[in-house]
Amino acid sequence: MAQAIGIDLGTSELRAAIFDRSVGERATILRQGKREVRMPAAVAVDAGGHLVAGDRARRLLITRPRATIAAPLGLVGRRFDELDADAWAPLTLVRDARGDARVRLGERVFAPAQLIAAQLLTLRAEIEAILGERLPPVTLTIHAGLRDATRRAIRDAAAIAGIEVLRLLPATTAAALTIHAEGNLVDEPTLALCDLGGGAFTAAIVELREGSVEALASVSVDIGGRDVDRALADHLTVEAARACDNEGIGDDPVARVRIRDAAEKAKIALSSERERPVHLPFLSADEAGPKHLAARLTQGKLEALAGNLVERCADALGRALAASGRPADAIADLVLLGRGAELPLLQDRLEAALRRPPTLRWIGADPAARGAARMAAILAGDLDGPSVHEIVGRPITIEREEATGAASEGEEAAPVGPELLFPATAALPASRTELFEAVGDGPTAHFHLSEGERARSPLGEHILRGRPAIDLTFNLDADGVLELSFRETFRGQEATLEVIGRGGMPAEELAALVEHQRAVEEALARQLRTQELTLRLQGRGERGQRVLVELAEGIPEGTRERLAALLQAAQDAVVAGSLEALESADAELEALLGEALPPAIQQAIRGVSEASPPPPGPTRPRERPARIAAPIVVDEGADTDADAEASDDAG
């Protein structure tokens, strides 16, 4: 593989990086000219009913607030009942048939994986236009504590988008890979990496050796820059209600979006300024006229509002350090990542927790995206880089209810206390096999799986039936996704495994979305190929007719008649508009041009544009096919509303 791509799948923004051996051993952020390839995470349904992502969607936040979602990653893999619907207002959340959260944009309901697919489709189109070829397999970054359902949904989204994923890699590990390559390491240090992104904070302890990058421990909490924005926005909403004499201003979707946008900008400014004025004209109106918000935010107020959030981040760092088994004085450097880490209070609190000043040079350097590109190159065999040792990132436990001989007669199963299957620090991939033995005629085992440290998230209720004993294997793959396998038969008895309440997109819905997207791309490819051949044959036909008139004496008589016939066939194919007819006419004409005509005649018929192809290079746009991925059609085809309950339990 000449080039390897890494995508930093952030909550607020997506970034793409490239490793290209032909231009050196560095991974760099992908560029289109002077512009870096980075895309807002927003997804929207526009006025025409089309799904759009990136900059186009972000521009619709104010004009179509009920049809635009700024950060869909926060919904991926989440159960409806665990979400605060008010926090997502003015959007409407919907519970689907499996209990997962979906969101209504405009008139349609979408699974979060579809929205991530829309992001990836848009990004894929831009990357392919730059590369001039189809997107190679990529590495996607995630935050280390991401739950099983979210990891699955991200892989589903990539499948819908037609992207092959080599690895889901924690952003902290990806950043460590960049630091390993570019950080001028001394004495094989152990680093503490703290990443405050838009949706989560992760503290990871990573050991860098000459030939390896090893994650020792990581702790993630669902606190991100968007939570700081929300705290500021709530404060500004109170100020706006007072200034506009309108207690219900927070219920106005346009005002709410404008206040959140102002809060985000103020937070960024207060990272380097002591105070920031906030002026929102025409925020409301009544009989007396328009109302405006004029307020002033200070760094002290921001710290007061974000104090509890920052304390939880510092606590996560302490827990990660304890889980790693390393004392604080063994940490060579405290590295801050993510735009949210520019918050001065966070820097001060983490410095106090580890008793050393943090390194800030990587905050705006996109080490996660670049590390993901290096990882893609390593997995593709294009780079002899360090080995990467990743961990589970969250503990996985099992709670059994062993069946008794009388269970089939109505007695309750005897519960067994929770048992740790995989600690958070277990190396990936991981596997564990447990023997389940049946007593009597009841089910072999009835057990619950869960993940997480403090507030554990259920992985589903499992019922394993079979006699007399079954080996059940729990497998965690390199992406940290859990799969269960068991012996199909034992002494002639068939085994079955029933999973209740796991959630996730149904396999048939995913298959329908993937098939539909591929069909649309194929249809678009045919359309673009038809347009390309039509233009080519029209041009060759016009030039060929002039050649027959002006340069006929340079063409042998038999060849002249054959050329005239093929030019007529090409004209007929253009009129018919059939791709097959166009390809046939083009192939026959191309064969004649290459075999029987003098070079000067060939050049006259091909024309200047064909005789002088554009120069090669990685930044050369491909002729057409890159645009195949651009249209986002996951809102057409399979009707996802059928999987969402009509109750619209939302806010």
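Details of the structure are given in the entry above.
Once a new chain begins, its residue numbering starts again from 1 and follows that chain's sequence as written. Side-chain atom pairs in this predicted model are given and counted only at pLDDT of 80 or more, local residue features only at pLDDT of at least 70, and totals for whole chains, interfaces and linings cover all residues. Excluding hydrogens and water, the side-chain values take into account all heavy atoms of the structure.

Caption draft 1: Here's a closer look at the overall build of the protein chain. Secondary structure elements follow DSSP: runs of H or I of four or more residues count as helices, runs of E of two or more count as strands, with numbering from the N terminus. Scanning the protein chain from terminus to terminus reveals 14 helices and 33 strands. Three labels apply to residues, based on accessible area from a 1.4 Å probe with only protein chains included: buried if under 20% of the type maximum, exposed if over 50%, partly exposed otherwise in between. Buried positions account for 51% of the 651 residues belonging to the protein chain. By definition in these notes, contact holds between two residues if any of their heavy atoms fall within 4.5 Å. Sequence separation of at least 24 residues holds for 67% of the intrachain contacts in the protein chain that already meet a minimum separation of 6. Carbon together with sulfur atoms contributes 49% to the accessible area of the protein chain, which is approximately 28700 Å² in total. A 1.4 Å probe and the Shrake-Rupley method give the accessible areas. Residues count as covered only by the protein chains that appear here.

Caption draft 2: The arrangement of the nonpolar core in detail. Here, nonpolar core refers to any group of buried Ala, Val, Leu, Ile, Met, Phe, Trp, Tyr and Cys residues whose side-chain atoms link them within 4.5 Å. Core analysis: the largest hydrophobic core is formed by 50 residues, its most contacted members being C194, F201, V278, L283, L334, L346 and L350. No other element matches the 10 residues that helix α7 (residues 299-324) contributes to this core. Setting aside its immediate chain neighbours within four residues, L350 contacts C194, F201, C313, A314, L317, L334 and L336. Counting 38 residues, the second-largest nonpolar core is a separate cluster that includes V37, L135, L146 and L513.

Caption draft 3: Summary view of the packing of aromatic side chains. Pairing of aromatic rings covers Phe, Tyr and the six-membered ring of Trp, with a centre-to-centre limit of 6.5 Å; geometry is then stacked below 30 degrees between planes, edge-to-face above 60, and tilted otherwise. With the rule as written, the count across this model stands at 2 aromatic pairs. Pairing F447 with F474 gives two aromatic rings, centres 6.2 Å apart and planes at 70°, and the pair type is edge-to-face. Taken together, the positions of F447 in strand β27 (residues 445-451) and F474 in strand β29 (residues 469-476) put the pair 27 residues apart, joining distant regions of the chain. Take F447: its relative accessible area is 0%, and that puts it in the buried class. Through pairs of rings, three or more aromatic residues link up here, namely F436, F447 and F474.

Caption draft 4: Representation of empty space enclosed by the protein within the structure. Buriedness for pockets is judged along seven lines, at least five of which must meet protein on both sides within 12 Å for an open set on the 1 Å grid over protein atoms alone, while cavities are sets there where a 1.4 Å probe fits but cannot get out, and lining residues have an atom within 4 Å of a point. Grid points are joined across faces, edges and corners, and a volume is the space filled by probe spheres set on the points. The full count for this structure, using the stated rule, is 1 cavity of 30 Å³ or more. Each pocket or cavity is described by its volume, and for the largest cavity that value is around 40 Å³. Lining the largest cavity, in full, are L196, I223, V228, A306, L309, V310, C313, L343 and L346. Of the residues contributing to the lining of the largest cavity, the split by class is 9 nonpolar, no polar and no charged. Under the scheme applied, nonpolar residues are Ala, Val, Leu, Ile, Met, Phe, Trp, Tyr, Cys and Pro; charged residues are Asp, Glu, Lys and Arg; polar residues are all the others, including Gly.

Caption draft 5: Looking closely at the environment of L73. Tracing the chain through its elements places L73 in the loop between β9 (68-69) and β10 (92-95). Along the chain, L73 and A113 lie 40 residues apart, while their C-alpha atoms are 8.4 Å from each other. Those residues in contact with L73 that lie beyond four places of it in its chain are L9, G10, T11, I116 and I154.

Caption draft 6: Just the pattern of salt bridges, in detail. Salt bridge, as used here: a side-chain nitrogen of Lys or Arg that lies within 4 Å of a carboxyl oxygen of Asp or Glu. Enumeration according to the criterion identifies 54 salt bridges in this entry. The partner of R102 in a salt bridge is E509, and the shortest N-O contact between them spans 2.9 Å. Placement of the pair is R102 in strand β11 (residues 101-105) and E509 in helix α10 (residues 507-550), with a sequence separation of 407 residues. Owing to a relative accessible area of 2%, R102 belongs among the buried residues under this scheme. Given the relative accessible area of 6%, E509 is considered buried. The partner of R209 in a salt bridge is E207, and the shortest N-O contact between them spans 3.1 Å.

Caption draft 7: Fine view of the sheet that holds strand β17 (residues 212-221). Two strands form a pair only when DSSP identifies at least two bridges running between them. Taken in spatial order, the 6 strands make up an open sheet running β21-β20-β15-β16-β17-β22, and their pairing is mixed. In this open sheet, the two edge strands, each paired with only one partner strand, are β21 (358-359) and β22 (387-389). Note: strand β15 (residues 190-196) against strand β16 (residues 201-209), 7 bridges, orientation antiparallel. Residue pairing for β16: T190 is matched across the bridge by E207. Along the sheet face, α7 touches β15, β16, β17 and β20 (333-337) and points at about 140° away from the line of β17. Here, axes are lines fitted to C-alpha atoms. For helices the fit covers the stretch in contact, and angles between N-to-C directions go from 0 to 180 degrees. With respect to the sheet, helix α8 (residues 344-354) is in contact with β15, β16, β20 and β21, its orientation differing from that of β20 by roughly 155°.

It is worth stressing that arrangement in space is one thing and function is another; only the former is reported here.
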